[in-house]
Each structure stands twice: as C-alpha cells, then as structure tokens.
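Each chain is listed here by its residues.
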Amino acid sequence: MFGCSPAAGSAVESGLAKISCCGYVLLYPILIPLLLGTLCLFIPKRMRYASELLSICTSLATLIITICLFTIRPWAFIWRAYPLLNLDNLSSFIMVAIAAFGFLVTLYSVGFMKGRLHLNQYYTYLLWTIGASVGAVLANNLILFLAFWGFLAITLYLMINLQEGEGVSEVAKKALIIIGGSDAVIIFGIALIWRIAHSFDMNAINIVINSKLSAAAYLSLAIGAFAKAGAMPLHTWVPDTSEKAPLPVAAFLPASLDKLLGIYFLVRISTDIFKLNVAMQTFLMALGSFTIIAAVMMALVQHNYKRLLGYHAVSQVGYMILGIGTGTAIGIAGGLFHMLNNAIYKCCLFFAGGAVEKERHTTELDQLGGLARFMPITFVTCLVSALAISGVPPLNGFASKWMIYQGVIELGKGGGRLWVIWLVAAMFGSALTLASFMKLIHATFLGQPSSDKRVSEVGPAMWVPMVILAAASLLFGIFVYKLPLKFLINPAVEGVRLSGLWSAGTATILIIVGIAIGFIIYLLGNLKGLRRDPHAYTGGEILPDEARVTGVEFYKNVKEMQPFATLYKLAEKKVFDIYDILKGILSYFTGLFRALHTGILLTYITWVLFGILVLLWIFMR
Amino acid sequence: MKTIVQFLIFPGFLFTAVVGLIASWIDRKVTARVQWRVGPPWYQPFVDMVKLLGKETIIPKGTSAVTFLTAPLVGLASVTLISMLLWLTLLNPGKGFIGDLIVVLYLSVIPAVSIIIGGFASRNPLASLGASREMKLVLGYELPFVLALLVPVIKAGGSIRLDEIVASQMATGATATSLSGVLALIVAIMCMQAKLTLVPFDLPEAETELMGGAYIEYSGPPLAVYKLTKHMFMFALPIFLVMTFMGGFGPSPISLILGLLKYVALLVIIVLIRNTNPRVRIDQAVRFFWGPMTLFAIVAVALAFLGW
C-alpha cells in the first residue's frame with residue numbers, strides 16, 4: 001500500500017546494479033550530522049560561536065540534502081544484497097520534516113541557550129539526534145532501524161540531563177526507562193517477525209494478522225511506537241520531559257520529532273509490514289479516542305505552560321492513532337497530515353513558551369499575564385498555533401482533523417456502530433483543547449499582568465523560527481490541497497480520493513473580507529472618539545493589584561465535578577502512571593528481599609543451612 | 001468575485017445583518033408582550049446600531065489595542081460565512097461539499113472564541129470571568145450538540161453533506177418527525193440557547209453580577225459589532241437547525257415561506273425559553289449539558305440506529 005508497494009519494491013530490486021553504486025547519497029543526511037556533531041564535542045567551550053555556527057551550518061546542510069533527496073525518490077541503498085536504506089514516498093517527506101525541524105530548533109537554540117553550560121555537548125546531541133532520526137526513518141532493515149531508534153533514547157536522556165534543576169535526572173531516567181523498555185519489546189516483536197516471515201527487510205515482509213503470534217508481533221512493535229509518540233498509557237514521560245527538559249529539547253523531541261518517528265513507525269507497521277484486522281483497528285481507534293479525551297482533561301487543569309503543552313502533545317497523538325486505526329485511505333492520510341501539523345504548531349507553541357521563559361524566567365501560569373503588548377510577535381504566533389491545534393478553520397489543524405473525521409465516517413458506512421464514539425470523542429476533544437488553550441493565552445498573554453515590569457520581544461534567532469512555523473500553519477491550512485496534500489501526504493498514501501472539498505482558500509478570503517467589513521463599520525463609527533481610559537471599569541473603583549484573575553483556576557468547576565474530582569485526585573497520586581505502577585511493584589519485591597537482609601549473621605547461616613538441606617533432599621531423592 | 005459579492009450582499013453580510021436585526025426586534029417585541037409592555041417599533045434595532053456607531057471607543061489602558069479591536073471582527077466574519085454557506089446550500093441544492101456540516105459546526109465556535117479573546121484582552125477581572133464562563137459553556141454544550149447532530153447524519157445514511165441531509169429529509173420526511181429526531185432537536189435547541197448566550201445561559205454577560213462580563217469594556221463601534229454578530233447568529237443558527245432537523249427548504253417561493261415559518265417558530269421558542277427561566281450558575285449549566293442533555297442525545301443516537 002505504501003512506498004514499499006510492488007512499484008517501489010521492484011524499483012529497489014531492478015535498480016540494484018544501477019543504484020547500489022550511487023545509493024550512498026542516502027548515507028549523507030545520516031552521517032553528516034553524526035560526524036560533524038561529534039566534531040562539535042571537541043570545540044573548546046570558549047569558542048561558543050564556533051559550535052553554534054557549525055551546528056547551524058550542519059543542520060541547514062542536512063535540510064538541503066534531504067530536500068534534494070526528496071526530489072529524486074524512490075531510492076535505495078543496497079549493501080551486499082541487503083537493502084539497508086529505502087527512500088520511498090512515506091519516509092522521504094518525514095525525513096525532510098525531521099531535517100526542517102532540526103534546523104529550526106538549532107536556530108532557536110542559538111537564541112535560547114545563550115549563556116548556558118555545556119553548549120558544545122548540547123549541540124552535539126542535537127546533531128546526533130537529527131542524524132539518528134533520519135537513519136531510523138530511512139532504515140529498511142529492522143535491526144538497523146532498532147539501532148538508530150535506541151540511540152535516540154540515549155540522546156534524549158543526555159539532553160534532558162543538561163538542564164539544571166531539581167528532579168531533572170529523575171525525569172531523564174523515567175524517559176529512558178519507558179522508551180528503553182519499549183525498545184526491548186520491539187526486539188521481541190522483531191524476533192517474532194523473523195519467526196513468521198524469515199526476513200528483516202521491511203519491504204519484503206507482509207504479514208496478515210490472523211494468529212496470536214502475528215498479533216503479538218504487531219502489538220510489540222506498536223508498543224514501541226506508542227511509547228515514542230507518547231500514546232496512553234505509555235505517555236507519562238512526555239509531560240514530565242516537557243516541563244523539566246531544556247525548552248528546545250522539549251520542542252524538538254516530545255513535541256515534534258518523536259511524533260514524526262512514532263507515527264511513521266506506526267503507519268509503517270500498520271499498512272506495510274502488517275495487514276490489520278478489524279479487531280486491531282478497533283483497538284487502535286479505542287486507544288486513540290481514549291488518549292484524546294483523557295490527556296486533554298489533564299491538560300485542562302495544569303498550572304505550568306510547558307506541562308500543559310506536554311499533555312497536549314499526548315492528546316494530539318490520539319487523533320493520529322485514530323486516523324490510522326480507521327484503515328481508510330483518507331483516515332490514514334489524515335493521521336499522517338495531523339502528525340505533520342501537530343509537529344508544526346506544537347513546536348511553535350513550545351517556542352513561544354521559551355520566549356516567555358526567556359523574558360520572565362518562569363512558565364508558571366499564575367506568575368505571567370498581559371505579555372501581548374510587549375511581545376506581539378510571540379503572542380500572534382502563539383495565538384495562531386493555539387487556534388490551529390484547536391482545529392479552528394481555516395488553519396491546518398482543522399484540515400487534518402476534518403480528514404480524520406471523514407475517515408471515521410467512511411468506516412461507519414461499512415457497518416458497525418462504534419464509529420459514533422470515536423467521532424464524538426475526537427470532536428469533543430477539540431472543544432476541550434480550545435478551552436485549555438484559551439486558559440493558556442489568557443494567563444500568559446492577556447488578562448492583567450502579574451507585575452508592571454516591562455519586558456521586550458525576544459531576538460530574531462528566536463522569533464524567526466516561530467514566525468516560520470506559524471506561517472506554515474497558515475499556509476498548510478489555506479493551501480491544503482495545493483501544498484501539503486499534493487506533495488507530501490497523498491503520494492505516501494495510496495488511493496486517497498478527495499472530491500468536492502471545502503475550499504479553504506475561498507473561505508480565508510471571505511473571512512478577510514468579513515474582517516474588512518468590520519473595519520468599515522469602525523470607520524463609519526466615531527473613530528475620533530477613540531480614547532484610552534486609564535483604568536478598567538469595576539463599578540467606579542480603581543482595581544486593587546491583588547484583585548487579579550490569573551486564569552489558572554478557570555476550570556475549577558469542572559475539576560470539582562464528580563466523577564472528575566475523583567479521577568483527578570487519583571491522577572495526581574499517579575495511580576495511572578504506568579512508570580509509577582511498575583516502580584511500585586518493583587519496590588514491593590525489593591522490599592520483600594530487603595526484609596530478608598537483616599544483617600544478622602545467624603539468620604543468614606540458618607538460611608544457608610536450610611538451602612543445603614533442600615538441595616540435599618533434591619539430589620539424594 | 002461573484003463569491004465576494006454574495007458574501008457582501010446576499011446571502012452574506014447585508015442580508016444576514018438585516019434579517020438578524022429584524023429577528024432581534026421580534027425577540028424584543030415578544031419579550032415585551034410576555035412582560036405586558038408594548039415593545040419597540042420595528043426599526044429600533046437599526047437605530048440602536050447607528051447610535052452605538054456614534055459613541056466614542058474606549059480602550060482600557062495597558063491592553064493590546066489591536067487584539068481588543070480585532071476580536072469582535074473575527075466573530076462577525078465567521079457568522080457571515082456560516083450564513084452564506086447555509087443559504088447557498090439551501091438555494092442551490094446539490095452544491096455542497098463533503099463535510100460542510102463539520103465546517104459549519106467548527107465555524108460556529110468562532111463567535112464564542114471572539115468573545116473570549118475580546119474579554120480576555122479587556123484587562124478586567126469581570127471580563128476575564130465572563131469570558132471563562134463562555135469557554136466553559138462551550139465545553140458544556142459541544143458534547144450534546146455534536147451527539148444531537150449525529151442523528152440527522154445517521155438518518156441520511158452517514159452523510160456529512162448538508163445538501164444531502166436536506167435532500168434525504170425531503171424524500172423521507174424531516175428528522176424531527178421521528179422519535180429520535182424529536183429528542184435530538186430538543187437537545188439541539190438547548191445547545192442553541194447556550195450558543196446564543198441567552199437566558200438561562202447568559203452567564204458570560206450576566207448583567208446583574210458581571211455587569212456585561214466579556215463586553216464590560218466595550219463601547220461604541222466594537223460593541224456594535226458584537227451586538228450585530230449576536231443578532232446575525234440568532235438568524236444563522238436556527239436556520240442550521242431547520243436544515244438538519246426540520247426538513248430544510250428549497251429555492252421555490254412556497255418552500256421558502258415554509259422555511260421562514262419554521263425559522264420563526266424556532267425563534268419564538270428561543271424567546272419564550274429566555275423569558276420564562278432564571279439564569280443558572282455555570283456549574284449547573286455544565287452539569288446540565290454533560291448530564292441529562294448528553295444522556296438524551298445518546299438515547300436519540302441509539303434510537304436513530306434502531307431506525308426510530
């Protein structure tokens with residue numbers, strides 16, 4: 001169905017002789033960042049500019065190379081009859097997206113990370129991450145894929161640890177354990193695949209899920225994808241990492257890159273390596289719907305800008321999984337498109353949070369407010385992204401959600417009743433998303449400021465990436481068919497029929513005309529009477545400073561409503577955190593063993609004697 | 001170009017604004033009759049608009065003036081777009097596109113967003129509270145509203161095209177003639193009441209407690225735009241329900257008159273609800289929508305699946 005369909009597959013095989021000599025170009029976007037990143041490690045700390053310049057140049061070069069490669073797809077790198085790397089329609093656009101986000105994050109880091117320690121290490125890890133991600137996406141061999149994939153968990157661990165502060169190493173450990181643990185499950189899945197198909201080449205494997213063995217193999221690989229993308233219940237590292245990691249790392253890994261990789265892998269296994277059955281599809285859609293609602297409900301009550309975004313990073317994965325789970329062409333295309341869109345606006349939202357953090361030195365929502373006047377660029381980009389993630393037309397988030405809904409409804413036409421649940425969950429999820437972002441916008445940029453201290457807009461190295469991403473949100477929404485769908489998504493999914501569509505371009509023009517009508521009404525009115533009154537109207541009294549609505553408690557009513565009150569309380573106790581559950585089980589058993597280690601020699605000797613007696617009894621029997 | 005003219009005059013801005021203002025007159029007149037008053041003459045809403053345009057615009061100090069002034073305009077633009085989409089579909093059967101139902105549903109949230117952003121940008125605690133109530137109200141009604149709208153979708157064989165939904169109702173009878181349709185329509189009317197922020201769901205404005213809430217700092221032309229948007233929405237939203245639940249109408253004169261009668265019937269229901277109920281608290285409102293209304297809507301969807 002995807003790139004490894006007979007057409008592309010035969011190109012790999014027939015082009016064996018032709019391509020094998022020049023397939024090495026596929027190694028460039030992997031090796032260049034890996035090698036130059038290593039070089040970065042050896043740049044002395046005093047030469048900060050050198051490491052910044054080197055990493056910007058490297059990430060830009062990678063981006064240019066990937067764009068060049070994008071134009072020559074399909075392509076393959078075959079080494080001694082092993083098709084190691086494969087560039088098809090699916091992997092090529094994700095590769096470009098990785099390189100693009102890599103470049104933007106590097107650029108942003110130059111502005112954000114100024115004055116921090118261990119900068120050369122930071123840039124090294126960043127470049128390694130880009131290289132390994134490109135490798136993971138291009139890899140056609142499952143073992144090679146696993147190597148790159150596992151490497152990414154380590155760079156994430158290292159990058160989180162670069163932040164200074166309380167609880168950071170704990171968070172890094174948690175991320176490493178959850179992702180690393182799921183990698184172990186992937187190994188198990190790959191072993192099962194070998195048993196079923198006797199091959200490690202993704203393009204050669206095509207398994208129909210009809211037995212317990214194949215279902216187990218699929219689920220093992222899917223768990224890896226879920227942990228990476230942050231789907232429930234393996235999501236718990238995402239909010240923690242978002243809050244504690246250095247901001248560009250949060251914007252790069254959990255917000256954009258891990259979504260690209262996780263969803264890429266899920267699409268790869270769901271459409272290419274395996275053929276899903278109805279039960280698996282239902283499982284995916286149920287998981288997706290649950291993730292949407294549960295994560296966004298958590299986001300609703302958060303007090304920290306970055307943590308709130310972290311929960312949204314989880315919630316949005318639900319939409320992608322839901323789209324892929326429909327199994328319809330338009331649903332899968334919608335899921336992929338949503339993945340790309342989510343990476344764009346989520347990255348931008350994190351960047352805006354970084355700009356706020358840079359100026360105000362905090363991301364606690366109750367200590368912010370009224371920043372829109374001082375940071376207009378940050379405010380506008382953040383608002384555009386917030387509306388995009390809430391699915392407000394004509395922005396890109398609406399376009400992809402609309403495709404996913406259509407996939408769900410198309411599925412419903414084939415029979416079954418469950419599609420109603422998925423559809424309602426997805427649609428209601430966007431209302432909840434809107435709610436939590438309105439809270440965020442109010443608490444950060446609008447409302448009353450927490451202090452009268454003036455702040456200024458951040459420098460161009462930070463606002464340029466934000467503007468690029470916000471513009472991409474607009475463009476991908478308005479020119480949805482001409483740009484992203486035509487060049488990126490539709491080639492990757494076979495059989496997407498789009499007919500009688502909503503014309504986002506016309507709608508945008510009309511909305512602009514509508515706003516113009518409003519301006520004319522303003523002009524008709526008494527414009528000379530414009531007056532800036534000194535104080536807000538509060539019944540004729542001047543507002544005291546402490547009478548401030550921060551917005552943090554906007555949804556307190558919802559939080560106190562049953563059954564949510566109980567659920568929130570349990571969630572605060574981390575009852576639903578799979579990491580803490582496992583930790584609890586583990587510490588229970590260690591506690592048992594610890595109880596035996598009393599330090600009294602007599603007890604030990606008794607046990608040893610008892611053991612010898614048991615052994616004797618066994619052997620002498 | 002033709003589209004822009006349609007957008008500006010008919011069935012877009014001018015048409016919707018005029019009918020919307022007349023609808024607001026009907027509202028005021030019926031309210032007055034319920035309260036044993038005479039009520040204003042028919043041109044009163046137009047005069048009010050002109051008066052507001054003549055007043056000065058006050059922008060609170062320390063706010064982002066651009067946000068404060070732009071927020072009302074976005075709502076106006078989206079309501080105009082909704083009205084245009086609906087009327088073009090009604091007047092040219094077969095001219096819809098896949099998923100226009102979802103587009104209208106999503107566009108109809110934008111007026112609320114515009115009020116919320118405007119309220120937030122006012123730098124006033126009362127406005128912030130009002131706007132947050134508006135947001136919670138959206139949270140409340142969105143769930144039952146989506147569920148209720150699924151009933152016509154299921155009745156039309158899973159179509160999310162408005163023209164197909166209207167056509168299937170013309171063929172087999174309006175959605176509201178079936179049991180599930182009646183239930184869903186009741187839910188949808190309640191949601192509409194909240195979407196229009198009319199009593200008992202006028203919490204975002206709540207004159208007696210929040211002194212206008214989200215609108216508190218608005219004056220002159222921007223306030224006029226908000227009022228106009230609200231009146232226009234009072235025209236566009238019932239038309240949406242007429243299309244999805246009450247059989248819609250076509251371009252022929254008789255059908256048009258029938259359609260307008262259906263609209264007026266809905267409008268009178270709205271006005272009567274608003275005049276016979278006290279304002280509820282926000283937690284009561286959310287509970288009402290997430291509790292009984294959602295339950296009603298789920299029952300309606302289940303009945304629709306069973307073919308009732």
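Keep in mind that what you see is a predicted model, and the values were worked out from it rather than measured.

**Digging into the overall build of chain A**
In terms of helices and strands, chain A carries 24 helices and five strands. Taken against the 2.2 N^0.38 rule, which gives 25 Å for 621 residues, the C-alpha radius of gyration of chain A at 26 Å falls within 12% of a compact globule. With the C-alpha coordinates aligned to their principal axes, the bounding extent of chain A is approximately 105 × 70 × 65 Å. A burial count over chain A gives 59% of its 621 residues as buried. Here chain A displays about 24,300 Å² of accessible surface, and carbon together with sulfur accounts for 69% of that area.

**Focus: the overall build of chain B**
Within chain B, the regular secondary structure consists of 13 helices and one strand. Going residue by residue from the N terminus, the α and β elements of chain B occur as α-α-α-β-α-α-α-α-α-α-α-α-α-α. Taking 308 residues into account, the globule formula puts the C-alpha radius of gyration at 19 Å, and chain B, at 19 Å, falls close to it. The principal-axis extent of the C-alpha atoms belonging to chain B is close to 55 × 45 × 40 Å. Here chain B holds 308 residues, and 65% of them are scored as buried.

**Re the interface of chain A and chain B**
Accessible area lost when the parts come together is the quantity often used to give the size of an interface. Contact with chain A, which involves 74 residues of that partner, is made by 74 residues of chain B. In total, chain A and chain B occlude about 6,700 Å² of area from one another, counting both sides; carbon and sulfur atoms represent 78% of this. Of all residues in chain A, the largest losses of buried area upon contact with chain B belong to L510, Y522 and R532 of chain A, amounting jointly to 10% of the total for that side. For the pair chain A and chain B, the number of links is zero salt bridges. Viewed at the interface, chain B and chain A are joined by five residue pairs in polar contact (both at pLDDT 80 or more). Every element with two or more residues in the side of chain A that touches chain B is listed here: α15 (376-389), α16 (396-413), α17 (419-444), α20 (504-524), β5 (531-533) and α21 (556-559) of chain A. When its residues are assigned to classes, the side of chain A that touches chain B shows 48 nonpolar, 18 polar and eight charged.

**Considerations on the pairing of strand β1 (residues 75-79) of chain A**
Residue and element names in this part refer to chain A. Sheet analysis places β1 next to strand β2 (residues 82-87), joined by five bridges and oriented antiparallel. When the sheet's bridge partners are listed, W75 is paired in β2 with L87. If you look at the hairpin formed by β1 and β2, you'll find two residues sitting between the two strands, and R80 has a positive phi there, around 50°.

**A closer look at the layout of surface pockets**
Taken as a whole, the largest pocket holds about 1,200 Å³ of empty space. What lines the largest pocket is a set of 42 residues, and nearest its centre among them are F290, I293, A294, M297 and L567 of chain A. When contributions to the lining of the largest pocket are tallied by element, the ones reaching two or more residues are α10 (237-244), α12 (278-300), α13 (305-326), α17 and α22 (564-572) of chain A together with α7 (125-155) and α13 (282-306) of chain B. In the lining of the largest pocket, the residues fall into 28 nonpolar, six polar and eight charged. For the lining of the largest pocket, the two domains that each supply at least three residues are domain 1 (1-182 + 234-257) and domain 2 (290-496 + 504-519 + 549-573) of chain A. Surrounding the second largest pocket, 24 residues form its lining, L383, V384, L387 and I515 of chain A together with V74 of chain B being those nearest its centre. Elements supplying a minimum of two residues to the lining of the second largest pocket: α15, α18 (460-478) and α20 of chain A together with α4 (65-91) and α6 (110-120) of chain B. Taken together, the residues of the lining of the second largest pocket break down into 20 nonpolar, four polar and no charged.

**Brief notes about the domain arrangement of chain A**
Residues and elements named next belong to chain A. By domain assignment, chain A separates into domain 1 (1-182 + 234-257), domain 2 (290-496 + 504-519 + 549-573) and domain 3 (578-620). Just the C-alpha atoms count here: the centres of domain 1 and domain 2 sit 25 Å apart. Taken together, the contacts link 32 residues of domain 1 with 36 residues of domain 2. Taking both partners together, domain 1 and domain 2 bury about 2,900 Å²; carbon and sulfur atoms supply 73% of that area. Here R307 ties to D240 by a salt bridge, and the two come within 2.9 Å at their closest N and O atoms. Taken together, the connections running from domain 1 to domain 2 amount to six residue pairs in polar contact (both at pLDDT 80 or more). Ranked by residue count, the leading element in the side of domain 1 that touches domain 2 is helix α5 (residues 89-112), at 12 residues.

**A word on a positive patch on the surface**
Residues R373, R454 and R532 of chain A together with K61 of chain B make up a contiguous surface patch of positive charge. Tracing the chain through its elements places R454 of chain A in the loop between α17 and α18. Since its relative accessible area comes to 62%, R454 of chain A is described here as exposed.

**A word on the packing of α12 of chain A against α17 of chain A**
Residues and elements named next belong to chain A. At a closest axis distance of 9 Å, the pairing of α12 and α17 adopts a crossing angle of 20°. Taken as axis vectors, α12 and α17 run roughly parallel relative to one another. Note on packing geometry: the crossing formed by α12 with α17 is left-handed. Residues T282, M285, A286, S289, I292, I293, V296, M297, A299 and L300 of α12 pack against W422, A425, A426, F428, G429, L432, T433, A435, S436 and K439 of α17. Each residue belonging to the contact of α12 with α17 can be placed in one class, and the counts come to 14 nonpolar, five polar and one charged.

**Examining the packing of helix α8 (residues 168-197) of chain A against helix α9 (residues 212-229) of chain A**
Between two packed helices, the angle of one axis relative to the other and the distance separating the axes together describe the packing. Residue and element names in this part refer to chain A. Taken N-terminus to C-terminus, the directions of α8 and α9 make an angle of 150°; their axes are 8 Å apart at the nearest point. By the angle class used here, α8 and α9 are roughly antiparallel. At the point where α8 passes α9, the crossing takes the left-handed sense. Here I178, I179, S182, V185, I186, F188, G189, I190, L192, I193, R195 and I196 of α8 come into contact with α9, specifically with L213, S214, A216, A217, S220, L221, I223, G224, A227 and K228. Residue composition of the contact of α8 with α9, grouped by class: 15 nonpolar, five polar and two charged.

**Examining empty space enclosed by the protein**
Applying the stated rule across the entire model yields seven cavities of 30 Å³ or more. If you trace the largest cavity, you find 14 residues lining it, with P111, A112, I115, K195 and F233 of chain B closest to the centre. Contributions of two or more residues to the lining of the largest cavity are made by α6, α7 and α11 (220-245) of chain B. In terms of residue count, α11 of chain B provides more of the lining of the largest cavity than any other element does, four residues in total. There is about 90 Å³ of room inside the second largest cavity. Considering the residues around the second largest cavity, the lining is formed by S390, G391, V392, M427, S430, A431 and L434 of chain A together with Y106, V109 and E142 of chain B. A per-element tally of the lining of the second largest cavity places α17 of chain A first, with four residues. Split by residue class, the lining of the second largest cavity holds six nonpolar, three polar and one charged.

**What to know about the environment of A174 of chain B**
Residues and elements named next belong to chain B. For A174, the position within the fold is in the loop between α8 (162-172) and α9 (179-195). In this structure the C-alpha to C-alpha distance between A174 and L105, which are 69 residues apart in sequence, comes to 20 Å. Apart from the residues within four sequence positions on either side, A174 is in contact with Q169, F245, M246 and G247.

Rules of the game
Residues numbered from 1 in each chain as written. Chains lettered and ligands numbered in written order. Predicted model: local features only at pLDDT ≥ 70, side-chain atom pairs only at ≥ 80, totals over all residues. Heavy atoms only, no water. Helix = DSSP H or I, 4+ residues; strand = E, 2+ residues; numbered from the N terminus. Rg over C-alpha atoms; globule rule 2.2 N^0.38 Å. Buried < 20%, exposed > 50% of the residue type's maximum accessible area, 1.4 Å probe, protein only. Areas by Shrake-Rupley, 256 points an atom, 1.4 Å probe, with all protein chains shown as cover. Contact = heavy atoms within 4.5 Å. Buried area = accessible area lost by both parts, 1.4 Å probe. Salt bridge = Lys/Arg side-chain N within 4 Å of Asp/Glu carboxyl O. Polar contact = N/O pair within 3.5 Å; in protein donor to acceptor, adjacent residues only side chain to side chain. Nonpolar A, V, L, I, M, F, W, Y, C, P; charged D, E, K, R; others polar. Pairing = 2+ DSSP bridges. 1 Å grid on protein atoms, 1.4 Å probe; cavity = no way out; pocket = protein on both sides within 12 Å on 5 of 7 lines; lining within 4 Å. Points joined across faces, edges and corners; volume = space filled by probe spheres on them. Domains from an automatic or database assignment. Patch = residues over 30% accessible without salt bridge, like charges linked within 9 Å, V, L, I, M, F, W, Y side chains within 5 Å. Lys, Arg positive; Asp, Glu negative; His and termini not counted. Charge placed at Lys NZ, Arg CZ, Asp CG, Glu CD. Axes fitted to C-alpha atoms, helices over the stretch in contact; angles between N-to-C directions. Parallel < 35°, antiparallel > 145°, perpendicular 65-115°, else oblique. Left-handed = near helix turned anticlockwise from the far one by under 90°.

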